[in-house]
Amino acid sequence: NAGVTQTPKFQVLKTGQSMTLQCAQDMNHNSMYWYRQDPGMGLRLIYYSASEGTTDKGEVPNGYNVSRLNKREFSLRLESAAPSQTSVYFCASSTGQGNTIYFGEGSWLTVV
Amino acid sequence: QKEVEQNSGPLSVPEGAIASLNCTYSDRGSQSFFWYRQYSGKSPELIMSIYSNGDKEDGRFTAQLNKASQYVSLLIRDSQPSDSATYLCAVNSDRGSTLGRLYFGRGTQLTVWP
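For clarity, every value in this text was computed on a predicted model and none was experimentally measured.

Cut-off values and rules
- Residues numbered from 1 in each chain as written.
- Chains lettered and ligands numbered in written order.
- Predicted model: local features only at pLDDT ≥ 70, side-chain atom pairs only at ≥ 80, totals over all residues.
- Heavy atoms only, no water.
- Helix = DSSP H or I, 4+ residues; strand = E, 2+ residues; numbered from the N terminus.
- Buried < 20%, exposed > 50% of the residue type's maximum accessible area, 1.4 Å probe, protein only.
- Contact = heavy atoms within 4.5 Å.
- Pairing = 2+ DSSP bridges.
- Axes fitted to C-alpha atoms, helices over the stretch in contact; angles between N-to-C directions.
- Buried area = accessible area lost by both parts, 1.4 Å probe.
- Salt bridge = Lys/Arg side-chain N within 4 Å of Asp/Glu carboxyl O.
- Polar contact = N/O pair within 3.5 Å; in protein donor to acceptor, adjacent residues only side chain to side chain.
- Nonpolar A, V, L, I, M, F, W, Y, C, P; charged D, E, K, R; others polar.

### Comments concerning the environment of L11 of chain B
All names here are of chain B.
For step 1, the next point in the chain: Counting through the fold element by element, L11 comes out in strand β2 (residues 11-14).
For step 2, the next point in the chain: Using a relative accessible area of 23% as the deciding quantity, one classes L11 as partly exposed.
For step 3, the next point in the chain: With 75 residues separating them in the primary sequence, L11 and T86 have C-alpha atoms 9.7 Å apart.
For step 4, the next point in the chain: Look past the residues within four positions of L11 in its chain and what remains in contact with it is A19, S20, L21, T108, Q109, L110 and T111.

### Considering the sheet that holds strand β8 (residues 71-76) of chain B
All names here are of chain B.
For step 1, the next point in the chain: Taking strand neighbours across the sheet as the criterion, the 5 strands line up as β1-β3-β8-β7-β6 in an open arrangement whose pairing is antiparallel. The two strands at the open ends of the sheet, each matched to only one other strand, are β1 (4-6) and β6 (54-58). Within this sheet the neighbouring strands show an average axis-to-axis angle of 20°, counted without direction.
For step 2, the next point in the chain: Alignment of β1 against strand β3 (residues 19-25), held across 3 bridges, turns out to be antiparallel. From the neighbouring strand, Q6 faces β3, where its bridge partner is C23.

### Concerning the sheet that holds strand β1 (residues 4-7) of chain A
All names here are of chain A.
For step 1, the next point in the chain: Read across the open sheet, the 4 strands follow the order β1-β3-β8-β7; overall the sheet is antiparallel. Only two strands of the sheet have a single neighbouring strand rather than two, namely β1 and β7 (64-68). Ignoring which end each strand starts from, the neighbouring axes of this sheet average 15° apart.

### Structural notes on the environment of M27 of chain A
All names here are of chain A.
For step 1, the next point in the chain: Mapped onto the fold, M27 is located in the loop between β3 (19-25) and β4 (31-38).
For step 2, the next point in the chain: In this structure M27 comes out as partly exposed when scored by relative accessible area, which is 24%.
For step 3, the next point in the chain: Not counting the four nearest positions on each side in its chain, M27 is found in contact with G3, V4, S93 and Y102.

### Let's talk about the interface of chain A and chain B
Accessible area lost on assembly of the parts is the figure often given for the size of an interface.
For step 1, the next point in the chain: Across the contact, 26 residues belong to chain A and 23 residues belong to chain B.
For step 2, the next point in the chain: Interface area, chain A with chain B, both sides summed: about 1800 Å², of which 56% is carbon and sulfur.
For step 3, the next point in the chain: Here chain A is connected to chain B by 0 salt bridges.
For step 4, the next point in the chain: Linking chain A with chain B are 4 residue pairs in polar contact (both at pLDDT 80 or more).
For step 5, the next point in the chain: Put simply, the parts of the chain that give the side of chain A that touches chain B at least two residues each are β4, β5 (42-49) and β9 (87-94) of chain A.
For step 6, the next point in the chain: A per-class count over the side of chain A that touches chain B returns 11 nonpolar, 12 polar and 3 charged.

Structure, rendered in structure tokens:
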């Protein structure tokens, strides 16, 4: 049982480049999330999707877009990467309604 | 702004001691509370969830919730070096929502020394 799978695990981008982080879950969860984690800042929510077909902004959505492709997949796109987006990105999923969130292994992104 | 505050740490305890981790939250309507453990370079993993006032025990871990004081804590008994990690407190504060959206504290780094 893979749980939540993210790709790529590591990526280096140049300022202004674009990229998409992919996430898939095999737990039949309704809700999916993208967080970023920076030293001293904890986990901050970028975007979330309560169910297939819906997405909403979290605490730090600027510079990002998301797509809930189907129930399993939720991608995060950086249209024009900036050094401030250097971070560790975690995808997560849950059944919703206050239940436990399960995290993927993380994607380490460096923008130079 | 919904806030989750954790004692800043780092916290250092000897092997076999009790480690006490604390968390306060700002939204009185919060319903669900979680403790995650995160090893360096790894993703957060759930240790405990608690929904009602009082204590909940799971092996060496005890979560304590006091909604009146807006306080949740995690006790680790018989601490082991393998417990050395960052502990994240998380709170679900979206009343009536089906999102399960969590707000996280910044984490407390725990070191257990042999």
